[in-house]
Amino acid sequence: MNKLIPVIISGIAIALIVGVGFTSYYAQVVEVQELRDKALSIPKAERQLLNLGHSSPVLGSTNAQITIVEFGDYQCEMCHMWFHNTRGAIIDNYVDTGKVNIIFVDLAFLGSDSPIAAQATHCANEQGKYWEYHSILYYKQEGIDNGWASKSMLKEYANELKLNSNQFADCIDSGKYAKNIQDSYNLAGQLMEYPSTPTFYLFNHQSGVVEKISGAQPFSVFVKTIDSML
Amino acid sequence: MIAAVIFFGMFFPLSILSEFIFIEPFFIIYVTTELAFSFALILAISFMSAIVIPMNIYRIKILRKKTSKIGTSLIGAIIGASAGACSCGPVGFFIISTFGAGAGFATAFLTNYEIPLRLISLGLLCVVYFTTTKSISTECRIR
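## Quick word on the overall build of chain B
Across its full length, chain B carries 5 helices and 2 strands. Across chain B, helices and strands are ordered from the amino to the carboxyl terminus as α-β-β-α-α-α-α. Restricting to contacts in chain B with at least 6 residues of sequence separation, those with at least 24 account for 70%. Total accessible area on chain B stands at roughly 6,800 Å², and carbon and sulfur atoms take up 75% of it.

Quick look at the structure:
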């Protein structure tokens, strides 16, 4: 009997991992369907949730027909993958042409350095370099809580971008954006049953249609989705 | 039959959790060059599990032998599965938000050492494969 215990425990653990994965996946499928069904009835005020002050500044034209809202974590490997493999093509083909704009919402849950890194981007925003700082973090990413996103390193990146180092250090040491990051986390909890990063919501401001893309999906998926919404 | 169930039962969930296969909004298999090795390891772990686990089930049922090898092979599979469950996905969020800082540390460890852990998993499965093959051929000869 004793010999069976590790087998049973291993089996339960595998079943738990697979079970949670599939339950969450199924929930996402249902959620997307519900989003589609409710798309036209979403009140404008609710859609404006995504323009709350605690998200990023808008990347691209504020008059773009579609807004892509990315929920991401600076320590997330898949967000890093998306940043390096898909985001550039979206910017070249849709953002620079004025059809789409992008907003980043922090869903900082992967370790203790994630919320600090998220706060650092808002501190950089005070000096008008949100997106530059956002990009530098995805170029520097090296894993989870292994030092690359410690406070001292975040201050070094600010120096690399020639930000005012004293102002940046005061901002990050004060933790003045901690509540913003928590609010973003709560917003993700309201929108998604099983939050994950990166998750993208595509809003068509004219028709009210909303689409959701979960994960670091390739450019072709974004092309199909965006083109079907335009 | 059991081997096919184990292979597909491991390969598809692990590939979906590791974001190599997407079903929504379209079915797509997406393996970038930098993650090709990781994908190959998932394939190899699923393949080895599909061979090793049925062999040990046979060993237990037909030859009435000990369960230690199937325990080891399941541990191998679980290491691969745990390291494969992407930390930024819903599984990672569920584990971290439910179990707190300790789970966060475990998730960070599994993510930071994903490739070595999968290699260990594959190594364990290979060792179990060779010892089981040897043991089955010896036991069958005796019988």
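## Focus: the nonpolar core
Residue and element names in this part refer to chain A. In terms of nonpolar packing, the biggest core is built from 92 residues, with Ile68, Phe71, Tyr74, Tyr133 and Phe168 touching the most fellow members. The biggest single contributor to this core is helix H3 (residues 77-95), with 9 residues. Not counting residues up to four positions away in its chain, the partners in contact with Tyr74 are Phe104, Asp106, Ala117, Ala118, Thr121, Tyr130, His134, Leu137, Tyr138, Gln141 and Trp148.

## A closer look at the confidence of the model for chain A
Mean pLDDT over chain A works out to 83, with 79% of the residues at or above the 70 mark. Per-residue pLDDT, averaged within each element of chain A, yields its smallest value for helix H2 (residues 44-47) of chain A (46) and its largest for helix H5 (residues 130-140) of chain A (95).

## As for the sheet that holds strand S3 (residues 199-204) of chain A
Strand-to-strand pairing in sheets goes through backbone hydrogen bonds, with the strands running parallel or antiparallel. All names here are of chain A. Strand order across the open sheet formed by 4 strands is S2-S1-S3-S4, with mixed pairing between neighbours. Of all the strands in the sheet, the pair left with one neighbour each is strand S2 (100-106) and strand S4 (210-214). Strand-to-strand twist in this sheet, taken as the mean axis angle between neighbours without regard to direction, amounts to 20°. By the bridge criterion, 7 bridges tie strand S1 (residues 66-72) to S2 in an arrangement that is parallel. Paired with Ile68 across the bridge in S2 is Ile102. Taken strand by strand, helix H9 (residues 219-229) contacts S1, S2, S3 and S4, and its axis lies near 20° from that of S3.

## Details of the packing of H3(A) against H5(A)
In a packed pair of helices, the relevant descriptors are the angle between the two axes and the axis-to-axis distance. All names here are of chain A. Packing of H3 against H5 leaves a shortest axis separation of 9 Å and a crossing angle of 110°. Taken together, the axis directions place H3 and H5 in an arrangement best described as roughly perpendicular. Between H3 and H5 the crossing geometry is left-handed. Between H3 and H5, the residues in contact are Cys79, His80, Phe83, His84 and Arg87 and Trp131, His134, Ser135, Tyr138 and Tyr139, respectively. Looking at the contact of H3 with H5, its residues break down into 5 nonpolar, 4 polar and 1 charged.

## Here we look at the state of the cysteines
All names here are of chain A. What the rule picks out here adds up to 1 disulfide over all chains. A sulfur-sulfur separation of 2.0 Å characterises the disulfide bridge that pairs Cys123 with Cys171. Every disulfide takes its handedness from the sign of the S-S torsion; for Cys123 and Cys171 that torsion is -80°, giving left-handed. Here Cys123, found in helix H4 (residues 113-126), pairs with Cys171, found in helix H7 (residues 165-174); they are 48 residues apart in sequence, far enough to count as distant.

Criteria and thresholds
- Residues numbered from 1 in each chain as written.
- Chains lettered and ligands numbered in written order.
- Predicted model: local features only at pLDDT ≥ 70, side-chain atom pairs only at ≥ 80, totals over all residues.
- Heavy atoms only, no water.
- Helix = DSSP H or I, 4+ residues; strand = E, 2+ residues; numbered from the N terminus.
- Contact = heavy atoms within 4.5 Å.
- Areas by Shrake-Rupley, 256 points an atom, 1.4 Å probe, with all protein chains shown as cover.
- Core = buried A, V, L, I, M, F, W, Y, C linked by side-chain atoms within 4.5 Å.
- Buried < 20%, exposed > 50% of the residue type's maximum accessible area, 1.4 Å probe, protein only.
- pLDDT = per-residue confidence, 0-100.
- Pairing = 2+ DSSP bridges.
- Axes fitted to C-alpha atoms, helices over the stretch in contact; angles between N-to-C directions.
- Parallel < 35°, antiparallel > 145°, perpendicular 65-115°, else oblique.
- Left-handed = near helix turned anticlockwise from the far one by under 90°.
- Nonpolar A, V, L, I, M, F, W, Y, C, P; charged D, E, K, R; others polar.
- Disulfide = S-S within 2.5 Å.

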